[in-house]
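# What the coordinates show
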Amino acid sequence: MRRISVAQTIRDAYSFAATHLGGIIGLIWVSMVMITIARYFTFYRFYNDFIDFMASGNGAQMGPSLLMMIGYLVAMLLLYAVMFTAVVQLALGARSAPAVIHFAFGPLEWRMFRAFLALASLMLLMALTVLIAANALLLVPGGGKAQGAVGGLAILAVMGISVAVLARFLVLLPAIAVSETAPALRRAWALSAGNFLPMVGVLLGLFVPLLVLLVLIDFGMGEKAEALPGAATQVQMVAAVMHARQTLPLTCGLGFLFSPLVIGLLAGASVSAWRTLKDEPSVEILA
């Protein structure tokens with residue numbers, strides 16, 4: 001059983017992202033512009049409809065915005081498939097970065113999209129399973145008294161499952177989708193066997209520094225929601241959504257700004273880990 005080196009994988013990822021940052025931007029900026037524009041208008045409508053729903057109690061108002069959100073998520077996965085396919089090929093040395101612009105959708109992009117969609121569907125299914133189990137616990141006699149504890153446990157369970165699924169699949173998925181023809185999720189599960197903790201370490205090493213940087217930027221700009229001590233839960237939810245709507249241009253802009261680093265780091269780590277774990281055919285030299 002092969003094992004990856006966390007430090008080496010992270011070093012390869014950062015080296016690739018730093019060395020090819022200009023090429024990565026050239027490969028992804030068109031798709032990221034489309035994602036950013038779609039994200040702004042989709043979430044702006046969703047926030048407005050949610051505020052109206054909380055004020056009126058009419059759930060039908062959320063229907064169009066929820067359909068718009070589903071369409072946005074599918075389009076986002078398609079565009080991320082376009083970007084990751086090109087950047088993984090760059091990391092593999094199979095293509096050169098374009099001078100100005102890149103956008104293409106072919107068999108490899110379609111395979112990458114199907115892999116991302118399958119992973120997202122798996123995570124959604126597991127989260128729904130946890131939520132159904134939590135609701136069943138609340139129906140048990142006396143379960144309503146522990147509603148807060150059950151909700152906290154459900155959140156922790158969803159977070160734990162998400163980390164486990166991402167560690168076993170996400171790191172290897174982009175490189176497998178581009179470089180192999182086997183079912184991507186099944187292949188990622190097989191290759192990552194025995195490397196769960198190293199994969200978790202790779203994810204933390206890649207994205208915790210970026211998350212800390214985003215928090216520092218948010219803190220430095222003073223974009224914090226106003227606390228409403230003693231307010232009803234509904235009022236607090238509306239205030240939080242209104243704050244999210246107010247800061248939506250900032251969050252969309254930061255997402256666009258950091259996207260080359262995020263995609264470059266994940267693509268570089270994916271190729272590095274895949275090269276370490278893939279099964280190489282043995283070559284016997286006969287005299």
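Sequence order as written defines residue numbering, which begins from 1 separately in each chain. Residue-level local features of this predicted model are given only where pLDDT is at least 70; pairs of side-chain atoms are given and counted only at 80 or more, and the full residue set underlies all totals for whole chains, interfaces and linings. Remark: hydrogens and water are excluded; side-chain values derive from all non-hydrogen atoms of the structure.

Our next topic: the nonpolar core. Nonpolar cores are built from buried Ala, Val, Leu, Ile, Met, Phe, Trp, Tyr and Cys residues. Side-chain atoms within 4.5 Å join them into one set. Each residue is placed in one exposure class: buried if its accessible area under a 1.4 Å probe, protein chains only, is under 20% of its type's maximum, exposed if it is over 50%, and partly exposed if it falls in between. Of all hydrophobic cores here, the largest spans 71 residues; its most connected members are Ile28, Ile35, Tyr80, Phe84, Val87, Leu172 and Leu173. No other element matches helix α3 (residues 63-92), which puts 14 residues into this core. Only heavy atoms matter for contacts: two residues are in contact if any of them lie within 4.5 Å across the pair. In this structure, Leu172 is in contact with Ala188, Leu191, Ser192, Met199, Ser270, Ala273, Trp274 and Leu277, ignoring residues within four places of it in sequence. Only runs of H or I of at least four residues qualify as helices and only runs of E of at least two qualify as strands under DSSP, and these elements are numbered from the N terminus.

So, about the side chain of His102. With respect to the helices and strands, His102 occurs in the loop between α3 and α4 (107-139). Judged by relative accessible area, His102 falls into the buried class, the value being 9%. A polar contact is formed between the side chain of His102 and the side chain of Arg95, at a distance of 3.5 Å. Ignoring any residue separated from it by four or fewer positions in sequence, one finds His102 in contact with Gly26, Leu27, Val30, Ala86 and Arg95. Nitrogen and oxygen atoms within 3.5 Å of one another constitute a polar contact, given that in protein one can donate a hydrogen and the other can accept it, and given that sequence-neighbouring residues count only through two side-chain atoms.

Moving on: the packing of helix α2 (residues 21-56) against helix α10 (residues 248-277). Across the interface, α2 lies against α10 with an axial gap of 9 Å and an inter-helix angle of 150°. With respect to their mutual orientation, α2 and α10 come out roughly antiparallel. The element α2 and its partner α10 pack so that their crossing is right-handed. Three classes are used, and their members are as follows: Ala, Val, Leu, Ile, Met, Phe, Trp, Tyr, Cys and Pro are nonpolar, Asp, Glu, Lys and Arg are charged, and the others, Gly among them, are polar. Looking at the contact of α2 with α10, its residues break down into 18 nonpolar, four polar and one charged. In this description, a line fitted to the C-alpha atoms serves as the axis of each element, helices being fitted only across the stretch in contact, and the angle between N-to-C directions of two axes falls anywhere from 0 to 180 degrees. In this scheme, roughly parallel covers angles under 35 degrees and roughly antiparallel covers those over 145, while 65 to 115 is roughly perpendicular and the rest are oblique. Note on convention: near helix rotated counterclockwise from far helix by under a right angle means a left-handed crossing. Clockwise means right-handed.

In this section: the packing of aromatic side chains. Two aromatic rings, drawn from Phe, Tyr or Trp (for Trp, its six-membered ring), form a pair once their centres lie within 6.5 Å of each other, and the interplanar angle then sorts them: stacked below 30 degrees, edge-to-face above 60, tilted otherwise. Using the criterion set out here, one finds 11 aromatic pairs in the structure. Counting every residue linked through ring pairs, the aromatic cluster contains Phe43, Phe46, Tyr47, Phe50, Phe53 and Tyr72. Lysine NZ or arginine CZ positioned within 6 Å of the ring centre and within 35 degrees of the ring normal marks a charge as sitting over the ring. In this structure, Arg168 is placed above the aromatic ring of Trp189, and the distance from its NZ or CZ to the ring centre is 3.7 Å.

Inspection of the secondary structure assignment puts Gln89 in helix α3. A residue is classified by how much of its surface remains accessible, and Gln89, at 14% relative accessible area, is buried. At 2.8 Å, the side chain of Gln89 forms a polar contact with the side chain of Arg95. Those residues in contact with Gln89 that lie beyond four places of it in its chain are Ala94, Arg95, Leu108 and Val178.

The α-helix winds at 3.6 residues per turn, so residues separated by three or four positions along the chain end up facing the same way. Residues of helix α7 (residues 184-191) that are buried: Ala184, Leu185, Arg187, Ala188 and Leu191. Along the axis of α7, the buried positions cluster into a sector of 165°, meaning they face one direction only. Facing away from the buried side of α7, by more than 90 degrees, are the exposed residues Arg186 and Ala190. Directions drawn from the helix axis to the C-beta atoms are what define this arc.

Per residue, pLDDT measures the predictor's confidence, with a range of 0 to 100. Overall, the predicted model of the protein chain reaches an average pLDDT of 85, with 87% of residues at or above 70. Here residues 281-287 is a poorly scored stretch, pLDDT under 50, and it has zero contacts once near neighbours within four places are set aside; other chains count.

What follows is about the pattern of salt bridges. In what follows, salt bridge is the name for a side-chain nitrogen of Lys or Arg lying within 4 Å of a carboxyl oxygen of Asp or Glu. Under the criterion given, the structure shown has two salt bridges. The salt bridge partner of Arg45 is Asp49, with a shortest N-O separation of 3.5 Å. Taken as a pair, Arg45 and Asp49 lie in helix α2 at a separation of four residues, close to a single helical turn. Owing to a relative accessible area of 37%, Arg45 belongs among the partly exposed residues under this scheme.

Below, the discussion takes up the packing of helix α1 (residues 6-19) against α10. Running from amino to carboxyl end, α1 crosses α10 at an angle of 135°, the nearest separation of the two axes being 8 Å. Taken together, the axis directions place α1 and α10 in an arrangement best described as oblique. Seen along the crossing, α1 lies across α10 with a hand that is right-handed. Of the residues in α10, those touching α1 at Gln8, Thr9, Asp12, Ala13, Tyr14, Phe16 and Ala17 are Gly264, Leu265, Ala267, Gly268, Ala269, Ser272 and Ala273. Classifying every residue of the contact of α1 with α10 gives eight nonpolar, five polar and one charged.

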